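Letter by letter, the chains look like this.
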Amino acid sequence: MGITGSIAAYKAAILLRLLTREGADVRVVMTPAAKEFITPVTMSALSGHPVVSEFFASNDGTWHSHVDLGLWADAMVIAPLTAATMGKMAHGIADNMLVTTYLSARCPVFVAPAMDLDMFGHPSTQQNLDILKSYGNIVIEPGEGALASGLHGKGRMEEPERIVELLIASIGSKKKLLNKTFLVTAGPTFEKIDPVRFIGNYSSGKMGFAIASELAEQGARVILVTGPTHLSLSHPMVETIRVESAGEMLEACVEHFGTCDGAVMSAAVADFTPAHPASQKTKRGRDNWSLELKPTTDIAAALGASKREGQVLVGFALETHDELANARKKLAKKNLDLIVLNSLNDPGAGFGTDTNKVTILDRYNNSEEFELKSKASVAADIVEKIITFTGA
Ligand code: CTP
């Protein structure tokens, strides 16, 4: 557990107590500034271990090994995290024991920022947070409320009870995707015809949201890129990016895929988009209206082309005829590792329903056909396949 110099440091004592009550063995690292807010004596009494703050013990000059601490931990939580330490972590400024420990840690790292609303909203803070996320760190967003400055806004450190819940949810021992990041696409896309009309499709987003939720349940951090849907997913491990068109979805996916261990492409992406969307509403007053459409980029294929060794790419195939053969073709063409086939001929499968019936094929010609089940159970089967495939 890392503590930095914020007024919220007093909550670190409560957090520590809750963690030890859950059976965790906690070692505390404090920045010099943190000690102005809460004493090392409190934290060492609560943890049952000496608190580490300096590189050398002042009494006998013994060296404290940040490497050992970083390797020892199953998880690191830095709460509260100040803007200053955040900046150091983002840029590798290893001038204290906390940052060196952070840089040596191989475990999942959780950070709970705490600061004034303007500091939190500053582009510098937001950029550093994005950098930490790109390293795979899990950001526990601060809440809104009264701040120590007397101002009201976003910047309050998340409550210790909630942080503990999140830690338990994401690093329970049975989790198989700890420290992994997945990109998931979901929902339909809307392709603009003019300011009031679009071309869409019947996808509800349910399958993609169920997969995102299941991946997060297995401990993965998830970046969920979704087209327009009424669904929302409130899970601390899931970051939702809402987009509208195939073009926007492509952009978000390309931006994030590089930092991911895998991607599941469950969105029903438009294959064509109006070639010349009108900037003004198209009026009535003519007989027929022909729209010229141009092809969109195939997002799954684009990611397949840039896929690195070790990244797993999963696609879907929604077919109405020659299902298996078409799915195999798609798997090869898009350089996928797994493809989930659902046939619109199966009752209860496909768009809008709460159930689905799938066959999962892999790139080595194996396939498994599943029963009709709820989309949540299908998501569990898909994630299990991903886990087996990656050997995670
Ligand atoms: N897909 C994508 N980007 C697109 C179109 C499809 O990422 N522009 C992804 C889907 O998310 C799905 C897979 O590709 O994982 C297959 O989608 P599907 O619509 O079945 O296949 P298409 O390649 O569009 O082929 P067709 O419509 O001709 O069957």
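Reading guide: rules and limits
- Residues numbered from 1 in each chain as written.
- Predicted model: local features only at pLDDT ≥ 70, side-chain atom pairs only at ≥ 80, totals over all residues.
- Heavy atoms only, no water.
- Helix = DSSP H or I, 4+ residues; strand = E, 2+ residues; numbered from the N terminus.
- Contact = heavy atoms within 4.5 Å.
- Salt bridge = Lys/Arg side-chain N within 4 Å of Asp/Glu carboxyl O.
- Buried < 20%, exposed > 50% of the residue type's maximum accessible area, 1.4 Å probe, protein only.
- Near = heavy atom within 4 Å.
- Polar contact = N/O pair within 3.5 Å; in protein donor to acceptor, adjacent residues only side chain to side chain.
- Pairing = 2+ DSSP bridges.
- Axes fitted to C-alpha atoms, helices over the stretch in contact; angles between N-to-C directions.
- Phe/Tyr/Trp six-rings, centres within 6.5 Å; stacked < 30°, edge-to-face > 60°.
- Core = buried A, V, L, I, M, F, W, Y, C linked by side-chain atoms within 4.5 Å.
- Domains from an automatic or database assignment.

### Things to note about the environment of methionine 43
Mapped onto the secondary structure, methionine 43 falls in helix α2 (residues 40-47). Dropping the residues within four chain positions of it, methionine 43 is found in contact with Met1, Ile3, Ala12, Ala13, Leu16, Val28, Met30, Ile38 and Val51.

### Quick look at unusual backbone geometry
With the exception of glycine, most residues fall at negative phi, and the peptide bonds are largely trans. With an omega of -5°, the peptide bond running from alanine 79 to proline 80 counts as cis. You can see proline 80 is positioned in strand β3 (residues 76-81). Residue aspartate 322 is not a glycine yet carries a positive backbone phi of 45°. Look at asparagine 365: it is not a glycine, yet its phi comes out positive at around 75°.

### Considering the pattern of salt bridges
When the charged atoms of two side chains with opposite charge come close together, those side chains can pair. Within this structure, the stated rule accounts for 18 salt bridges. One salt bridge connects arginine 162 with glutamate 165, and the closest N-O pair in it is separated by 2.8 Å. Of the two residues, arginine 162 and glutamate 165 both sit in helix α8 (residues 160-171), three residues apart, roughly one turn of that helix. By relative accessible area, which is 34% here, arginine 162 ends up partly exposed. In this structure glutamate 165 comes out as partly exposed when scored by relative accessible area, which is 46%. Glutamate 369 is paired through a salt bridge with lysine 357; the nearest N and O atoms lie 3.2 Å apart.

### Focus on the site of the ligand
As a structural note, the neighbourhood of the ligand is formed by 16 residues, with Met265, Ala267, Phe316, Lys330 and Lys334 the closest of them. Here a nitrogen atom of the ligand sits 2.9 Å away from a polar atom, N or O, in the main chain of isoleucine 299. One of the backbone N or O atoms of phenylalanine 316 is found 2.7 Å from an oxygen atom in the ligand. Elements supplying a minimum of two residues to the shell around the ligand: α11 (299-306) and β16 (312-319).

### Quick word on the side chain of threonine 85
Here threonine 85 is to be found in helix α4 (residues 83-91). Look at threonine 85 and you get buried, because its relative accessible area is 5%.

### Regarding the side chain of threonine 359
Turning to its location among the elements, threonine 359 is positioned in strand β19 (residues 358-362). Beyond its immediate chain neighbours, meaning those up to four positions away, threonine 359 contacts Leu324, Ile339, Val340, Leu341, Ser367, Glu368 and Glu369.

### As for the pairing of strand β8 (residues 181-186)
Within β8, six of the six residues are buried, which leaves it mostly tucked inside the rest of the structure. Taking every second residue as pointing to the same face, both faces of β8 are buried, with Thr181, Leu183 and Thr185 on one and Phe182, Val184 and Ala186 on the other. In this sheet, strand β11 (residues 221-226) lies alongside β8 in parallel orientation, the contact comprising six bridges. Across the sheet, the residue bridging to valine 184 is leucine 224, located in β11. Pairing between β8 and strand β13 (residues 262-265): four bridges, direction parallel. By the bridge assignment for β13, threonine 185 is matched with methionine 265.

### With respect to the sheet that holds β8
What holds strands together in a sheet is hydrogen bonding between their backbones, with the strands either parallel or antiparallel. Read from one edge to the other, the open sheet built from eight strands follows the order β12-β11-β8-β13-β16-β17-β19-β20, with strand pairing classed as mixed. Only two strands of the sheet have a single neighbouring strand rather than two, namely β12 (238-242) and β20 (367-369). With direction set aside, neighbouring strand axes in the sheet form an average angle of 15°. Where β19 meets β20, three bridges bridge the pair, whose relative direction is antiparallel.

### Concerning the packing of aromatic side chains
The full count for this structure, using the stated rule, is two aromatic pairs. An angle of 10° between the planes, with centres 3.7 Å apart, marks the rings of phenylalanine 190 and phenylalanine 198 as stacked. Consider the rings of tyrosine 364 and phenylalanine 389, whose centres lie 5.9 Å apart with planes at 20°: the pair is stacked. Here phenylalanine 389 lies in helix α13 (residues 375-390) and tyrosine 364 lies in the loop between β19 and β20, a separation of 25 residues in the sequence.

### With respect to the nonpolar core
Judged by nonpolar contacts, the single largest core of 60 residues is most densely connected at Met1, Ile3, Met43, Ile163, Ile211, Leu215 and Ile382. Per-element tally for this core: the top contributor is helix α9 (residues 206-217), with seven residues. Structurally, this core is a two-domain feature, drawing no fewer than three residues from each of domain 1 (2-174) and domain 2 (181-273 + 292-390). Excluding residues that lie within four positions of it along the chain, isoleucine 211 makes contacts with Val184, Val264, Ser266, Phe316, Ala379, Ile382 and Val383. Counting residues in hydrophobic clusters, the runner-up holds 25 residues, among them Leu183, Ile241, Cys260 and Ile299.

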